[in-house]
Amino acid sequence: MVQYKCLRCEKIIKNEYIKRKIRCPYCGSKILYKPRTVSATVKAI
Ligand SMILES: [Zn+2]
């Protein structure tokens, strides 16, 4: 399942909303990005 994240309000947007228009349903921002998986964001200390 593909999930996008809003660059402005940082809310997770389901793929269902993007099928019609690429826009954040919460704040109306058109800038969305794919957040990386949790495993990829682990920092090597
Ligand atoms: Zn937003």
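To be clear, the structure that these remarks concern was listed above.
Now for a description of the structure that goes with this document. (Residues numbered from 1 in each chain as written. Predicted model: local features only at pLDDT ≥ 70, side-chain atom pairs only at ≥ 80, totals over all residues. Heavy atoms only, no water.)

## So, the coordination of the zinc ion
The coordination sphere of the zinc ion contains the protein donors Cys 6 (SG), Cys 9 (SG), Cys 24 (SG) and Cys 27 (SG), at a distance range of 2.3 Å. Angles of 104 to 118° at the metal separate the four donor atoms of the zinc ion, which places the site in the tetrahedral class. Mapped onto the polypeptide sequence, the residues donating to the zinc ion form the spacing pattern C-x2-C-x14-C-x2-C. With a gap of 15 residues between them, Cys 9 in the loop between β1 (3–6) and β2 (12–14) and Cys 24 in the loop between α1 (15–18) and β3 (32–33) connect regions that are remote in the sequence. (Donors = N, O, S within 2.8 Å, 3.2 Å for Na, K, Ca; no water. Tetrahedral: all angles 85-135°; square planar, octahedral: opposite > 155°, others 65-115°. Helix = DSSP H or I, 4+ residues; strand = E, 2+ residues; numbered from the N terminus.)

## Here we look at the pairing of β1
As paired strands, β1 and β2 are joined by three bridges and run antiparallel to one another. Paired with Tyr 4 across the two strands is Ile 13, which belongs to β2. Connecting the antiparallel pair β1 and β2 is a turn made up of five residues, with Glu 10 showing a positive phi of about 60°. Bridge count between β1 and β3: two bridges; the pairing is antiparallel. Each bridged residue has a counterpart across the sheet, and for Lys 5 the counterpart in β3 is Tyr 33. (Pairing = 2+ DSSP bridges.)

## Description of the side chain of Ser 29
Residue position: Ser 29 is located in the loop between α1 and β3. Only 3.3 Å separates the side chain of Ser 29 from the backbone nitrogen of Ile 31, close enough to count as a polar contact. Setting aside chain neighbours within four positions, we find Ser 29 in contact with Cys 6, Arg 8, Arg 23 and Cys 24. (Polar contact = N/O pair within 3.5 Å; in protein donor to acceptor, adjacent residues only side chain to side chain. Contact = heavy atoms within 4.5 Å.)

## What about the environment of Pro 25?
By the element assignment, Pro 25 lies in the loop between α1 and β3. Remark: the alpha-carbon pair of Pro 25 and Lys 14, spanning 11 residues in sequence, is separated by 9.9 Å.

## With respect to the environment of Cys 24
Residue Cys 24 is classed as buried on the basis of its relative accessible area, which comes to 3%. In the structure, Cys 24 is positioned 15 residues away from Cys 9 in sequence and 8.8 Å away in space, judged by C-alpha atoms. Discounting residues that sit within four places of it in the chain, Cys 24 has contacts with Cys 6, Cys 9, Ile 13, Ser 29 and Leu 32. (Buried < 20%, exposed > 50% of the residue type's maximum accessible area, 1.4 Å probe, protein only.)

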